[in-house]
Amino acid sequence: HETWVRALANPRPCVVVQNAPCKENVAKGKKVNLLDFPIPTWTPGKDIGPYLSAGCVIQKDPETGIQNCGVYRGMIQSENRIGILIQPGKHSWLIYQKYEKLNQPMEIAVVISPPPYVAMTAVGRVPFGVDELTVAGGLAGASVEVVKCETVDLLVPAHSEMIIEGIVRPGVRETEGPFGEFFGYMG
C-alpha cells in the first residue's frame, strides 16, 4: 500500500526512445492477421469467440493530450478487427465521448505483455486525467521507456511483447459478448 501511495504521489514522466523490442516485427495493412496468434477462448462453449482479456488499452484525451491506460477486453471479430468493451463511467468511456462529440475516431493501442508495473497500474485506481504510465514509472522507481506507434499518434511501453494499433469510430455500437468473467458469470 505504501509503495502504491508513493507512486501516485510521485509520477515520473515517460522517456521516449527510438528503438524498442515491441518494434522487432512490424506488420501493417493486409499483412495484419490477428488469427495467426494463439488468442484463447476463456470459457469454451460459452464465449462467443477468442478474447484479449488482459491487454492494456491506451488512448489519448483529445482536449488535454493526456494518455489513459486501462485494461478493457477485446473480442476478436476477424483477422483485423477487435470489438472493445468500453463501459460507461470508465476513463476510456469519458475519453471516447469527447471523440464522439468531435465526430472523430479515437486512436487506440492495445499493449500485450507490458512490463509488470505497467500492467499493475493499468488495473489500479488512478484519478482521471493522470497518465497511468507516469504512475507506473513511480511504481517502478524509474521512468517508463515509451516509443511512438507506427500508425497512430500514441506512445506505448517500449518493452512490451506486442502492440496492436487501431481506431474506434464515433457512433459505432456492436454486440459484444458473452464472455466468461472472473467470478464465473457470463458478461
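Above this text you will find the structure in question.
Residues numbered from 1 in each chain as written. Predicted model: local features only at pLDDT ≥ 70, side-chain atom pairs only at ≥ 80, totals over all residues. Heavy atoms only, no water.

Caption draft 1: Examining the overall build of the protein chain more closely. Across its full length, the protein chain holds four helices and ten strands. Starting at the N terminus and walking to the C terminus, you meet the elements of the protein chain as α-β-β-β-β-β-β-α-β-α-α-β-β-β. Rg of the C-alpha trace for the protein chain: 16 Å, near the compact-globule value of 16 Å for 187 residues, within the 12% margin. A principal-axis box enclosing the C-alpha atoms of the protein chain has dimensions of 45 × 35 × 35 Å. Here the protein chain holds 187 residues, and 39% of them are scored as buried. As presented, the protein chain carries roughly 10600 Å² of accessible surface, and 54% of it is formed by carbon and sulfur atoms. Taken as two groups, the 17 positive and 19 negative side-chain charges of the protein chain have centres that lie 3 Å from each other. (Helix = DSSP H or I, 4+ residues; strand = E, 2+ residues; numbered from the N terminus. Rg over C-alpha atoms; globule rule 2.2 N^0.38 Å. Buried < 20%, exposed > 50% of the residue type's maximum accessible area, 1.4 Å probe, protein only. Areas by Shrake-Rupley, 256 points an atom, 1.4 Å probe, with all protein chains shown as cover. Lys, Arg positive; Asp, Glu negative; His and termini not counted. Charge placed at Lys NZ, Arg CZ, Asp CG, Glu CD.)

Caption draft 2: View of the layout of surface pockets. Within this model, the second largest pocket holds a volume of roughly 630 Å³. Along its surface, the second largest pocket is lined by 20 residues, and Val71, Tyr72, Gln87, Lys90 and Val123 are the ones closest to its centre. A per-element tally of the lining of the second largest pocket places strand E4 (residues 67–71) first, with four residues. Class assignment for the residues of the lining of the second largest pocket results in nine nonpolar, six polar and five charged. (1 Å grid on protein atoms, 1.4 Å probe; cavity = no way out; pocket = protein on both sides within 12 Å on 5 of 7 lines; lining within 4 Å. Points joined across faces, edges and corners; volume = space filled by probe spheres on them. Nonpolar A, V, L, I, M, F, W, Y, C, P; charged D, E, K, R; others polar.)

Caption draft 3: Layout of the sheet that holds E4. In space, the four strands of this open sheet follow the order E4-E3-E7-E10, with antiparallel pairing throughout. The two strands at the open ends of the sheet, each matched to only one other strand, are E4 and strand E10 (162–168). Geometrically, the sheet is characterised by an average inter-axis angle of 25 degrees between neighbouring strands, direction not taken into account. Pairing of strand E7 (residues 106–112) with E10 involves seven bridges; the strand directions are antiparallel. Bridging across to E10, Ala109 finds its partner in Glu165. Contacts between helix H4 (residues 132–140) and the sheet are confined to strand E3 (56–60) and E4, with E4 contributing the most and set at about 75 degrees to the helix. (Pairing = 2+ DSSP bridges. Axes fitted to C-alpha atoms, helices over the stretch in contact; angles between N-to-C directions. Contact = heavy atoms within 4.5 Å.)

Caption draft 4: Highlighting the sheet that holds strand E5 (residues 74–78). Read across the open sheet, the three strands follow the order E2-E5-E6; overall the sheet is antiparallel. At either end of the open sheet lies a strand with only one pairing partner, and these are strand E2 (51–52) and strand E6 (81–84). Two strands pair when backbone bridges link them, and E5 and E6 are joined in this way by four bridges, in the antiparallel orientation. Paired with Met75 across the two strands is Gly83, which belongs to E6.

Caption draft 5: Region of interest: the environment of Arg81. Tracing the backbone shows Arg81 in strand E6. Residue Arg81 is classed as partly exposed on the basis of its relative accessible area, which comes to 38%. Taking the C-alpha atoms as reference points, Arg81 and Gln104, 23 residues apart in sequence, are found 18 Å from one another. With sequence-adjacent residues up to four places away left out, Arg81 is seen in contact with Leu34, Met75, Ile76 and Glu174.

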